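# Observations on the three-dimensional arrangement
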Amino acid sequence: MESGRPSSTNHELSHQVSLDIDRLAQSVTEELEISNPFSDTCCIYKVPERLRELNEKAYTPRLVSIGPIHHGKEKLKAMEDHKRMYLKEFIARTKVSVKGFIELIKEKETRLRNCYAETNGFSSEYFIKMILMDAAFVIMLLLKWKHTEFRGSRDSIFNLPYKRVDVRVDICLLENQLPFFILEELCGLSTILGNSPKATLIELTHWFFYEWGSWAVGEYWGTIDFSEVKHLVDFLTIYHRPTKQQPNEELEVQTAPSIKELHQVGVKFVLSSSKNLLGIKFDRNKGRLEIPRLQFVDETEIIIRNMQAFEQCHDNEYLYVGDYIFLMALFVSASKDVEILVENRIIDNWLSSNEEVVNLFYNLQKQNLVRSRTFLFKGIIKDLNAFCERPWNKWKATLKQNYFNTPWAAVSVSGAVILLILTVVQSVCSILQVV
């Protein structure tokens, strides 16, 4: 006969369930305290699928993972031993214990997690350990890049089999970033960079990019404000911000002549003295189009794509990288366009053909974003179209390109003109004599 009272077994089970719920509630509370995927400070994102499907490899690390997004992937695990070696070197060069670094990262954990669109549910312990390992790796890599005396003979990044190219590309991927502030904080605590760690870290990062083609603006980098830099991809975008904004007006015409078409109407192409890729200028009175040099190597598309992805993901009022891609895709639509820019030393092409440069901008333009009201080059497009619409410019260019393109051709045409003039003069004189 049932008494209506719960048995002792049922009571114990109920109590156990109660304990499980309490623990689960505590776990959820802790996660809510340290993670906010919609934080205003979020700056490291997963690349949108619409971009990723265009070129998966451009956004995926090949050798080393930095941060949580690609951490633990099988093909990247081999570099974990290298990270431990760099961490050991980092600690050996400081007077700070491992505990001291862990305490600093723990204090910044919420801020760190809020920088990522997702942290893959890593526990606090695992997350802090990962950040310490990856941050020490990046700091030591930057040091070794500039200071050869920091490199060990067993370091396979700088010695056989020379992994430096792959590693450099990997740490420039949007999904493979650490917040720049944690690198600064760890350097400041360690004093490994001396008494001014922030300035020195920025200098090391500049050097890291400076020897890499067109990406670092060498001659005036010291005047650029990097105080709010978020990570290495943002470092590159800051380099190439324009010095002044365009008026906030609609872009009336969204097309422009190609380089070949501009050449046919007499536009002169000049290598700009500026290293800022956005420093494209057109002097409509002189017909001079100045374009900064861009070097094309195997990694160029990867760098531009990750700058483009960061720009599209982040809350940016201006889409400068998208504007640059849009304009260059208009300029370079055929291999002849590239050939003209190569001849004028504006493009330094290390790819296998000029057609590859054309395809690069054609593919970058897919899923590219621009805003007509804030488009950076609206004035240039307007002036170029107006220049091409003047008949005199085309006639003058045709005359020069077809009849004065070589010294001998110029002599022949000049001789023919002189002969024609003399013939006319002789005819007039004959007529006057008869009269």
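What comes next is a walk through the structure.

Rules and cut-offs
- Residues numbered from 1 in each chain as written.
- Predicted model: local features only at pLDDT ≥ 70, side-chain atom pairs only at ≥ 80, totals over all residues.
- Heavy atoms only, no water.
- Helix = DSSP H or I, 4+ residues; strand = E, 2+ residues; numbered from the N terminus.
- Buried < 20%, exposed > 50% of the residue type's maximum accessible area, 1.4 Å probe, protein only.
- Contact = heavy atoms within 4.5 Å.
- Areas by Shrake-Rupley, 256 points an atom, 1.4 Å probe, with all protein chains shown as cover.
- Salt bridge = Lys/Arg side-chain N within 4 Å of Asp/Glu carboxyl O.
- Patch = residues over 30% accessible without salt bridge, like charges linked within 9 Å, V, L, I, M, F, W, Y side chains within 5 Å.
- Core = buried A, V, L, I, M, F, W, Y, C linked by side-chain atoms within 4.5 Å.
- Polar contact = N/O pair within 3.5 Å; in protein donor to acceptor, adjacent residues only side chain to side chain.

Next up on the list: the overall build of the protein chain. Along its length, the protein chain carries 18 helices and 5 strands. Each of the 435 residues in the protein chain was classed as buried or not, and the buried ones make up 46%. Long-range pairs, those at least 24 residues apart, make up 72% of the contacts in the protein chain with a sequence separation of at least 6. Carbon and sulfur atoms provide 53% of the accessible area of the protein chain, an area that totals close to 23400 Å².

Time to look at the pattern of salt bridges. Scanning the model with the defined rule gives 18 salt bridges in all. The salt bridge partner of arginine 62 is aspartate 166, with a shortest N-O separation of 3.6 Å. You can see arginine 62 sitting in the loop between α2 (49-52) and α3 (80-92) and its partner aspartate 166 sitting in helix α7 (residues 164-170), a full 104 residues away along the chain. For arginine 62, a relative accessible area of 41% gives the class partly exposed. Judged by relative accessible area, which is 29%, aspartate 166 ranks as partly exposed. Residue lysine 146 is joined to glutamate 203 by a salt bridge in which the shortest nitrogen-to-oxygen separation is 2.8 Å. Here lysine 146, found in helix α6 (residues 124-146), pairs with glutamate 203, found in helix α9 (residues 197-210); they are 57 residues apart in sequence, far enough to count as distant. A relative accessible area of 27% places lysine 146 in the partly exposed class.

Residues Leu24, Val28 and Leu32 make up a contiguous nonpolar surface patch of roughly 310 Å² in combined accessible area. Examined against the element boundaries, leucine 32 turns out to sit in helix α1 (residues 8-34).

Take the nonpolar core next. In this structure, Phe137, Leu289 and Phe331 are the most contacted members of the largest nonpolar core, which totals 123 residues. No other element matches α6, which puts 16 residues into this core. Discounting chain neighbours no more than four positions away, the residues touching phenylalanine 137 are Val64, Ile66, Met79, His82, Lys83, Tyr86, Ile157 and Val167.

Another aspect to go through is the side chain of asparagine 368. Tracing the backbone through its elements, the reader meets asparagine 368 in the loop between α15 (354-365) and α16 (378-389). Residue classification places asparagine 368 among the buried positions, given a relative accessible area of 14%. Of note is the side chain of asparagine 368, whose polar atom sits 3.0 Å from the side chain of glutamine 308.

Read these as spatial facts, not as claims about activity.
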